[in-house]
Amino acid sequence: MNTLLGRRSRTLAATTATAAIALALVAGCTSSDSGGSGSKTAAGGVELVKAGQLTTCTHLPYPPFQSEIDGKVQGFDVSLIDLVAKNLGVKQTILDTPFENFKTGAFLNADECDLAAAGMTITAERKKNVDFSDPYFDATQAVLVDKKSGITSLADVKTKGKKLGAQAQTTGEDYARSKGFDPVSFESSDAVLNGLRTGQVQAVIIDYPVVQGWLKTKANADAFQVVDNLNTGEQYGFTVKKGNTKLLAAVNKAIKDAKADGTYKKLYEKWIGPYDASVTASPSAS
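Residues numbered from 1 in each chain as written. Predicted model: local features only at pLDDT ≥ 70, side-chain atom pairs only at ≥ 80, totals over all residues. Heavy atoms only, no water.

Novice: What is the right way to look at the sheet that holds strand 8 (residues 137-146) in this model?
Specialist: Strand pairing in a sheet takes place through backbone hydrogen bonds and is either antiparallel or parallel in direction. Ordered by their spatial adjacency, 5 strands build an open sheet running 10-9-11-8-12, and the pairing between neighbours is mixed. The open sheet has two free edges, formed respectively by strand 10 (184-186) and strand 12 (224-236), since each of these has just one partner strand. Within the sheet, the average angular offset between the axes of one strand and its neighbour, ignoring direction, is 25°. Pairing of strand 9 (residues 164-167) with strand 10, which is carried by 3 bridges, proceeds in the parallel orientation. (Pairing = 2+ DSSP bridges. Helix = DSSP H or I, 4+ residues; strand = E, 2+ residues; numbered from the N terminus. Axes fitted to C-alpha atoms, helices over the stretch in contact; angles between N-to-C directions.)

Here it is, written out as structure tokens:
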């Protein structure tokens, strides 16, 4: 989730302490990390941090990319990384970590995770710390408002003296500040939407795919509406530890194959909405 759509924040407490309290959520059955199921080397010579599993760092919740549904972490990102794990002959395990980790690559560098998948925008600044996959999703920012507010555009928020909210340390928040706003910062996308629902703010800047899913609920659609869609040119990518070329190649291959055989389209329609190939991220776009 990038310099416009960056993504969620969190202060990274002592690395080991944060790792200790991180919630491990399994996307599929996995083997023990003791190496009991064999070597940490998977298909294609990819080295894994734990034998028999592809460990993915994420930050929950961020629907429709990753969230806990019926006791299991599911979503668009999860489904795509499942394809990578399948090709490697292992299962995916998900570790919920602070978003700050994704900007610094801390958990990757500490070998807590093999890769990170968190709806994260590809930016030059982040590339200094991690290696990004080919872009797998084109993202826009939405301006969502309370229908009772009378707000009709982002500019209207300032004109009418209304409060604007955004998720901390995201490209949405960066965008708001670049336009002269001092937005109320929220810890997660859920917190942003709850802030709007409870009247803490009257408008929010948030990733459009998140809004799409939220407005599927009739009560939300009756009370709130999108008044602006900001095409910021953001694209999401998965990340690996710098120099992990074999895993990066495996991730890119899974994305490419999924687009070629129709799997990407199927997953997109399941988790995001109507699929338009003309606006879908391509490897050359970043």
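Novice: How do you make sense of the packing of aromatic side chains when you look at a structure like this?
Specialist: Tallied over the entire structure, the rule returns 14 aromatic pairs. Pairing Trp214 with Phe224 gives two aromatic rings, centres 5.2 Å apart and planes at 50°, and the pair type is tilted. Here Phe224 lies in strand 12 and Trp214 lies in helix 9 (residues 208-214), a separation of 10 residues in the sequence. No difference in accessibility class separates Trp214 from Phe224, as the two residues are buried. Each member of the aromatic cluster is reached from another via a ring pair, and the members are Tyr62, Phe65, Phe76, Tyr136, Phe137, Tyr236, Phe238, Tyr264 and Tyr268. For the cation-ring pair, Lys158 lies above Phe181, with the distance from its terminal atom to the ring centre recorded as 4.6 Å. (Phe/Tyr/Trp six-rings, centres within 6.5 Å; stacked < 30°, edge-to-face > 60°. Buried < 20%, exposed > 50% of the residue type's maximum accessible area, 1.4 Å probe, protein only. Lys NZ or Arg CZ within 6 Å of the ring centre and 35° of its normal.)

Novice: I would appreciate a short explanation of the nonpolar core in the present structure.
Specialist: Taken as a class, soluble globular proteins show a tendency for nonpolar side chains to be buried jointly. Core analysis: the largest hydrophobic core is formed by 46 residues, its most contacted members being Leu54, Phe76, Leu88 and Phe137. Those elements that place two or more of their residues in this core are helix 2 (76-88), strand 8, helix 8 (189-197), strand 11 (203-207), helix 9, strand 12, helix 11 (245-261) and helix 12 (263-271). When residues in this core are grouped by element, the largest group, 7 residues, is from helix 11. If sequence neighbours within four positions are ignored, Phe76 has contacts with Pro64, Phe65, Tyr136, Phe137, Tyr264, Leu267, Tyr268, Trp271 and Ile272. (Core = buried A, V, L, I, M, F, W, Y, C linked by side-chain atoms within 4.5 Å. Contact = heavy atoms within 4.5 Å.)

Novice: Would you take a moment to explain the packing of helix 2 against helix 11 for this structure?
Specialist: When two helices pack together, their arrangement is given by the angle between the helix axes and the distance between those axes. Interhelical geometry of helix 2 versus helix 11 gives an angle of 115° and a closest axis separation of 9 Å. Judged on the interaxial angle alone, helix 11 and helix 2 are roughly perpendicular. Here helix 2 and helix 11 pass one another in a crossing that is right-handed. Here Leu83, Val84, Asn87 and Leu88 of helix 2 come into contact with helix 11, specifically with Leu247, Ala250, Val251, Ala254 and Ala258. Taken together, the residues that form the contact of helix 2 with helix 11 break down as 8 nonpolar, 1 polar and no charged. (Parallel < 35°, antiparallel > 145°, perpendicular 65-115°, else oblique. Left-handed = near helix turned anticlockwise from the far one by under 90°. Nonpolar A, V, L, I, M, F, W, Y, C, P; charged D, E, K, R; others polar.)

Novice: It is not clear to me how the state of the cysteines should be interpreted in this structure. Could you clarify?
Specialist: Applying the stated criterion across every chain yields a total of 1 disulfide. With a sulfur-sulfur separation of 1.9 Å, Cys57 is cross-linked through a disulfide to Cys113. Taking the torsion about the sulfur-sulfur bond, which here is approximately 65°, the covalent link between Cys57 and Cys113 counts as right-handed. Residue Cys57 is located in strand 2 (residues 53-58), and its partner Cys113 is located in the loop between helix 4 (106-109) and strand 6 (115-116); the two are separated by 56 residues in the primary sequence. Relative accessible area serves as the criterion here: at 1%, Cys57 is assigned to the buried category. (Disulfide = S-S within 2.5 Å.)

Novice: What is the right way to look at the environment of Phe238 in this model?
Specialist: As for its position among the elements, Phe238 is in the loop between strand 12 and strand 13 (239-241). Judged by its relative accessible area of 2%, Phe238 falls in the buried class. For the pair Phe238 and Ile122, spaced 116 residues apart in sequence, the C-alpha to C-alpha distance is 8.6 Å. Once residues within four sequence positions are removed from consideration, Phe238 is found in contact with Asp77, Leu80, Ile81, Ala116, Ala117, Asp131, Phe132, Ser133, Tyr136, Val251 and Ile255.

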